[in-house]
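# Commentary on secondary and tertiary structure
Each chain, letter by letter, is given below.
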Amino acid sequence: MSRSDAPAGDGAAPDGTDGTDADGAQRDPLVEVRNLKKYYEDDGFLTGDPVKAVDGVSFDIRKGETLGLVGESGCGKTTLGRTILGLESATDGEVVSDGREVARLSGKQLREWQRDAQMVFQDPEASLNDRMTVGEIIREPLDAHEQGTKAERKERVFELIDLVGLNEEHYYRYPHQFSGGQRQRIGIARALALEPEFMVLDEPVSALDVSVQARVINLLEDLQDELGLTYLFIAHDLSVVRHIADRVAVMYLGDIVELGDTEAVYNDPAHPYTVSLLSAIPGSHTGTDRDRVTLRGTPPSPRDPPQGCRFATRCPARVRPAAFADLPETAWDGIDALDTVLRERASLEDGLTDRLRRSLGLAADANDIDEVVADLFGWHPGEQSPQEGEGPLTSEARAAVEDAVRFARRGEDEEAAAVLREAFGSVCNRERPEAHVVDGDGRTSACVRHTDEYDSPAAAIDERYARRDD
Amino acid sequence: MSSLTGSESVLAEADADPLTDRLLAHPRPAVIWGGVAALLLLVEAGALAEVSLRLLADLVGALPGVGDAASVAALADAAGGVPTLLSRETIPNQGYWNGSAYVGTFLGLQPAWAWLIRVALVYAYAFACLLWVYVGFEWYRTHYRVADWTPRDDTVDRLRGHRWGLFGLAVVFMFVTMAVFAPALGPTTVDQNLANPYSHQISYWTGSEVATSPVGDANLGSRSQGNAQTNVGPWSYDDFGRFHPFGTLPSGKDLFTFIAAGSRISLVIGLLSVGLSAGVATVFALLSAYYKGRVDDGLILLSDSVMGMPQLLLLIMLSVVLAGTWIGNLYSGAFVLALIFAGTGWPYMWRSLRGPALQVSEQEWVDAARSFGQTPGTIMRKHMLPYITGYLLIYGSMTLGGAIIAIAGLSFLGLGVDPPTPEWGRAVNAGQEYVTTASWHISLIPGALITLVVTGFNAMGDGIRDAIDPESDSAEGEAGGRGGGA
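Residues numbered from 1 in each chain as written. Chains lettered and ligands numbered in written order. Predicted model: local features only at pLDDT ≥ 70, side-chain atom pairs only at ≥ 80, totals over all residues. Heavy atoms only, no water.

## Considering the overall build of chain B
What counts is decided by this rule: Only runs of H or I of at least four residues qualify as helices and only runs of E of at least two qualify as strands under DSSP, and these elements are numbered from the N terminus. Think of it in three bands: residues with accessible area under 20% of the maximum for their type are buried, residues over 50% are exposed, and the middle band is partly exposed, with areas taken using a 1.4 Å probe on protein chains only.
In terms of regular secondary structure, chain B is built from 20 helices and six strands. Here chain B, with 486 residues, has 43% of them falling under the buried criterion.

Written out as structure tokens, the structure reads:
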């Protein structure tokens with residue numbers, strides 16, 4: 001590992017840190033993540049499905065860049081960051097840096113990796129030990145790695161305190177006596193103590209006031225220029241990421257759906273999820289004349305993610321079977337909602353009594369599902385067969401829904417969901433999409449609509465919103 | 001905002017100096033403090049040397065086949081000859097009336113006054129020591145500490161304003177002083193009055209002349225047995241001119257001397273057992289919180305097994321089995337008792353500490369330390385232990401009260417510390433048939449003292465808890481200590 005020469009005060013930045021340029025592709029990868037998986041098993045005797053926090057992601061982090069990692073809460077961003085650092089042991093896959101496979105390191109090489117890669121934590125209130133002075137906190141990594149003499153370590157701590165914009169008299173203060181922004185500076189100084197090359201910044205500003213956020217972000221950018229650092233910047237705040245990141249990876253339910261240069265992704269999102277996510281930034285969905293694309297519902301449970309595309313349950317551009325091409329948008333809304341309800345019911349009924357009742361043929365909630373269908377499609381399955389043309393469904397579609405409801409009334413929600421998906425599902429529900437390269441800079445997006453067979457996601461969304469408006 | 005130039009990095013060298021430099025720069029408070037320390041030490045130097053040498057002699061004697069106990073004991077005797085301010089030789093209270101004046105008492109005062117002066121001096125000395133420690137802390141804080149504020153400052157300030165806690169602290173302070181200065185506090189000595197009464201003579205005024213008699217015979221004449229004729233109550237003289245602040249036992253022995261000596265053994269067993277079990281409990285709590293999983297499961301299994309053992313039966317069995325062995329004889333059997341208390345008591349404390357330890361182990365700063373490769377041992381010591389020491393103090397002080405009750409309860413049942421070594425519970429037992437008579441003091445005084453001391457330890461625990469964590473509620477059921485015992 002080429003350790004950058006002077007730790008501080010030396011303005012000579014290593015090459016290639018001058019922002020979001022197109023030559024990014026030529027930079028060497030510093031960290032390569034390959035098919036990384038992290039599942040959390042429940043302990044206990046009755047283990048259910050594991051929580052698939054990170055489910056097979058692959059990407060490179062290039063030397064000197066800032067890679068933004070965005071996604072909704074609970075999509076696995078933090079777990080991914082922690083697994084890359086080795087704080088969590090990966091279930092499968094590998095993280096390779098400089099020929100070292102991080103998960104299998106031990107002894108001297110592990111110590112080296114722990115020196116080269118550091119983390120800044122989300123909550124500056126929780127990541128600093130209140131019983132230690134600021135000086136002790138920042139010095140601790142140096143003590144742990146026994147770098148230099150005691151006096152040298154102390155001098156280095158003063159350098160770091162100065163570097164992150166704190167005062168020297170803060171050395172003997174306790175974290176209690178600092179504001180959130182100052183505490184985060186302490187956390188950053190601690191992460192810098194060992195002169196790392198790579199830092200995982202786990203939502204480093206999301207706990208701070210907006211005015212303080214900007215200063216900490218500027219500090220991080222200055223440090224990157226000065227020390228030639230590589231950042232993995234985890235955030236759910238899309239505008240912060242746009243500001244700081246060279247490239248951005250969009251994560252959904254343990255999977256990276258789109259990865260590319262920040263400006264390209266923000267100006268022309270390729271993946272339907274990115275489209276929806278960017279559209280959710282208040283007052284910022286300019287660029288297209290499209291209406292706000294709303295994300296319906298919440299992400300499915302990572303314990304039982306959808307087969308096929310993870311985003312299929314909420315996707316505004318999901319491929320639909322040709323047989324139902326003429327169904328109106330309201331009907332699709334209803335079908336998606338029904339699918340969500342069935343999935344939720346299926347995952348809920350783990351209770352012993354529910355299982356007993358089902359095996360006795362006593363479906364407890366037959367009426368509930370009728371109510372749901374009545375709400376969604378305007379006809380009550382429990383009553384006589386409806387008139388043709390009543391509700392938004394065509395007769396074939398209604399037959400399929402009735403099939404599904406029949407199972408659901410018996411409490412077999414899983415089968416019901418399967419029947420529904422059999423009728424209305426498509427390639428999106430069956431196959432996990434590959435990452436397709438979507439532009440000249442090597443941007444990738446994991447959506448089947450990037451193949452020639454289908455319209456592009458943007459076109460599909462536009463068309464559907466246009467139909468809705470009619 | 002962020003000044004990244006680094007050129008203006010002027011190290012605050014004065015701040016970075018080690019403590020010795022700061023002392024030299026401003027020596028006055030330190031010199032005064034050190035002078036007081038020397039003075040306090042000087043007046044008790046002989047006693048201090050004697051006590052430490054005698055402990056050494058005991059240890060050498062107890063361990064089979066090691067060293068020469070006799071020579072160490074001789075050394076201790078020599079040290080005992082050095083005059084000290086608070087010894088009974090300097091302020092004697094044992095004398096006799098020769099018809100016109102007191103002979104052998106301090107300044108010719110009545111024995112009661114002489115004794116009272118000595119007791120007052122002992123407590124004044126102990127209080128001076130306490131004050132010296134506190135002033136030392138305050139001066140260090142104002143003159144020498146670099147940090148102008150630490151989290152511990154708030155703890156001390158809160159404890160200072162906590163009345164119930166201060167009451168507990170005062171009671172514990174009185175109790176500890178009594179235990180430490182037990183030989184100087186008694187109106188007579190354990191050896192003379194309790195252990196070997198027939199090897200000592202006393203002089204007394206018969207009403208017409210000064211006569212001598214063995215202490216044992218005098219004891220027979222000063223018994224407290226419930227009726228007005230044979231009773232020596234609190235704060236009174238017996239027929240031999242001896243002063244008894246707490247009255248006498250049914251055997252005629254002095255109750256105050258008995259209690260003072262007994263407080264020592266209670267404190268030693270209490271401290272030893274709580275110290276050992278707290279040590280084991282802390283280490284196990286840190287291990288199970290840091291490693292979780294299998295380690296935690298294993299420790300749960302182990303502690304449940306220990307908790308499943310009947311403590312009292314184990315105690316009886318072990319005291320029979322170990323009776324007569326060298327370890328069983330150590331400190332009249334008190335050492336074995338402390339070991340058994342520690343061995344059976346740690347799971348309770350471990351259970352109480354495990355929760356807080358698990359909570360701390362989930363904190364992000366522990367993750368942060370792991371991320372830069374801090375070793376598990378250091379993480380446990382630096383990042384977890386400071387957060388459970390508060391709980392340790394609370395549970396420790398409350399368990400100590402419980403241990404004192406347990407020892408007294410065992411002695412009451414005739415188990416535990418071997419007679420004739422004084423133990424509070426045995427005094428309660430000895431007096432139980434006289435509770436409703438004129439000799440009520442025999443059971444009541446030690447009983448009330450046990451209650452007071454245990455309450456004091458619990459109050460101190462409460463005070464420490466509130467001082468450490470101002471948001472905690474006093475109504476925490478778990479922290480009940482190990483009351484009851486036998």
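Continuing now.
## So, the environment of S371 of chain B
So the rule is basically this: Contacts between residues were defined by any pair of non-hydrogen atoms, one from each residue, lying within 4.5 Å.
Within the secondary structure, S371 of chain B sits in helix 17 (residues 364-371). Residue S371 of chain B is classed as buried on the basis of its relative accessible area of 9%. Once residues lying within four places of it in the same chain are set aside, the contact partners of S371 of chain B are L87, Q114, A117 and F121 of chain A.

## Observations concerning the sheet that holds strand 7 (residues 198-202) of chain A
Residues and elements named next belong to chain A. Under the convention used in this document: By the convention used here, strands pair only if DSSP detects at least 2 bridges between them. Each axis is a line fitted through C-alpha atoms, taken for helices only over the stretch in contact, and angles between the N-to-C directions span 0 to 180 degrees.
In space, the eight strands of this open sheet follow the order 6-7-8-3-9-10-12-11, with mixed pairing throughout. This sheet does not close on itself; its edge strands, each paired only once, are strand 6 (117-120) and strand 11 (436-437). Pairing between strand 10 (residues 255-261) and strand 12 (residues 444-445): two bridges, direction antiparallel. Bridging from a neighbouring strand, L259 pairs with T444 of strand 12. Contacts from helix 5 (residues 180-192) reach strand 6 and strand 7, with the element oriented near 175° to strand 6.

## A closer look at the side chain of E423 of chain B
All names here are of chain B. Operational definition: Here a polar contact is recorded for every N or O atom pair within 3.5 Å, except that within protein the pair must consist of a potential hydrogen donor and a potential acceptor, and residues adjacent in sequence are included only if both atoms are side-chain atoms.
Checked against the element boundaries, E423 lands in the loop between helix 18 (376-412) and helix 19 (424-430). Within the local environment of E423, its side chain forms a polar contact with the backbone nitrogen of G425, the two atoms lying 2.9 Å apart. The contact partners of E423, leaving out residues within four places of it in the chain, are F258, G262, I265, S266, I407, A408, S411 and V417.

## Looking at helix 3 (residues 134-144) of chain A
The element helix 3 of chain A is largely enclosed, with a buried count of nine among its eleven residues. For helix 3 of chain A, the full list of buried residues reads V134, G135, I137, I138, R139, E140, P141, L142 and A144 of chain A. Elements that come into contact with the buried residues of helix 3 of chain A comprise helix 2 (107-116), helix 4 (150-163) and helix 5 of chain A together with helix 18 of chain B. Once helix 3 of chain A ends, the next one or two residues include E146 of chain A, with phi positive near 45°.

## Let's talk about a nonpolar patch on the surface
Spelled out, the test is: Residues form patches when they are more than 30% accessible in relative terms and have no salt bridge. Like charges link within 9 Å. Nonpolar side chains (Val, Leu, Ile, Met, Phe, Trp, Tyr) link within 5 Å. Under the convention used here, a 1.4 Å probe and the Shrake-Rupley method define accessible areas, while residue burial counts only the protein chains that appear. By definition, a salt bridge exists where a carboxyl oxygen of Asp or Glu is found within 4 Å of a side-chain nitrogen of Lys or Arg.
A cluster of nonpolar residues, L312, L313, I316 and V320 of chain B, forms a patch on the protein surface that exposes about 350 Å² of accessible area. Locating L312 of chain B in the fold gives a position in helix 14 (residues 311-322).

## A few points about the sheet that holds strand 2 (residues 51-62) of chain A
Residues and elements named next belong to chain A. On the basis of which strands lie adjacent, the open sheet formed by four strands has the order 2-1-4-5 and antiparallel pairing. On the outer flanks of this sheet lie strand 2 and strand 5 (100-101), each paired with one strand and no other. Two strands pair when backbone bridges link them, and strand 1 (residues 29-40) and strand 2 are joined in this way by nine bridges, in the antiparallel orientation. Within strand 2, the position partnered with V33 by the bridge is F59.

## A look at the environment of A189 of chain A
Inspection of the secondary structure assignment puts A189 of chain A in helix 5. Beyond its immediate stretch of four places on either side in the chain, A189 of chain A contacts I138, L160 and V164 of chain A.

## Quick word on the UniProt feature "transmembrane region" (unreviewed entry) in chain B
All names here are of chain B. Formally: UniProt positions are given in the numbering used here, feature names are shortened, and annotations may be inferred rather than shown by experiment.
Taking the numbering used here, the UniProt-annotated feature "transmembrane region" (unreviewed entry) corresponds to residues 30-49, 112-135, 164-185, 265-287, 299-324, 330-349, 390-417 and 437-457. Along residues 30-49 the backbone is 95% helical and 0% strand, and the end-to-end C-alpha distance reaches 25 Å. Each end of residues 112-135 is marked by a C-alpha atom, and these two atoms are 34 Å apart; helix forms 100% of the span and strand 0%.

## Points about the state of the cysteines
Residues and elements named next belong to chain A. Defined as follows: Disulfide: a pair of cysteine sulfur atoms within 2.5 Å of each other.
On inspection of all chains with the given rule, the structure shows zero disulfides over all chains. Left without a disulfide partner, C309 is nearest to the cysteine sulfur of C428, which lies 6.0 Å away. Residue classification places C309 among the buried positions, given a relative accessible area of 11%. This cysteine, C315, is not joined by any disulfide, and C447 carries the nearest cysteine sulfur, 6.0 Å off. Judged by relative accessible area, which is 9%, C315 ranks as buried.

## Concerning the interface of chain A and chain B
Short version of the rule: Buried area is calculated as the accessible area (1.4 Å probe) missing from two parts once they are joined, with the contributions of both summed. Three classes are used, and their members are as follows: Ala, Val, Leu, Ile, Met, Phe, Trp, Tyr, Cys and Pro are nonpolar, Asp, Glu, Lys and Arg are charged, and the others, Gly among them, are polar.
Taken together, the contacts link 41 residues of chain A with 32 residues of chain B. When the area that chain A buries against chain B is broken down by residue, the three leading residues are R131, E140 and Y172 of chain A, summing to 19%. For the interface between chain A and chain B, the tally reads two salt bridges. Joining chain A to chain B, the criterion identifies twelve residue pairs in polar contact (both at pLDDT 80 or more). Class assignment of the residues belonging to the side of chain A that touches chain B gives a composition of 15 nonpolar, ten polar and 16 charged.

## Considering the side chain of T83 of chain A
Residue and element names in this part refer to chain A. Among the structural elements, T83 can be located in helix 1 (residues 77-85). Taking the relative accessible area as the measure of exposure, T83 reaches 4% and is therefore buried. Not counting residues up to four positions away in its chain, the partners in contact with T83 are L36, K38, E88 and A90.

## Here's the deal with the packing of aromatic side chains
Put simply, the rule reads: Here a Phe, Tyr or Trp ring, Trp counted by its six-membered ring, pairs with any other such ring whose centre lies within 6.5 Å, and the pair is stacked when the planes are under 30 degrees apart, edge-to-face when over 60, and tilted otherwise. By the criterion adopted, a ring carries a charge over it if an Arg CZ or a Lys NZ lies within 6 Å of its centre and within 35 degrees of its normal.
Tallied over the entire structure, the rule returns 27 aromatic pairs over all chains. Between the aromatic rings of W115 of chain B and F256 of chain B, the centroid separation amounts to 5.1 Å while the plane-to-plane angle is 85°, which identifies the pairing as edge-to-face. Of this pair, W115 of chain B sits in helix 6 (residues 111-144) while F256 of chain B sits in helix 12 (residues 255-291), and the two are 141 residues apart along the sequence. Under the relative-accessibility criterion, W115 of chain B is labelled buried at 4%. On the accessibility criterion, F256 of chain B (6% relative accessible area) is buried. Consider the rings of Y391 of chain B and Y395 of chain B, whose centres lie 6.5 Å apart with planes at 20°: the pair is stacked. In this pair, Y391 of chain B and Y395 of chain B are both assigned in helix 18, four residues apart and thus about one turn of the helix distant. Lying across the ring of Y40 of chain A, K38 of chain A places its NZ or CZ 5.0 Å from the centre. When the ring centre of Y387 of chain B is taken as reference, the NZ or CZ atom of R131 of chain A above it lies at 4.4 Å.

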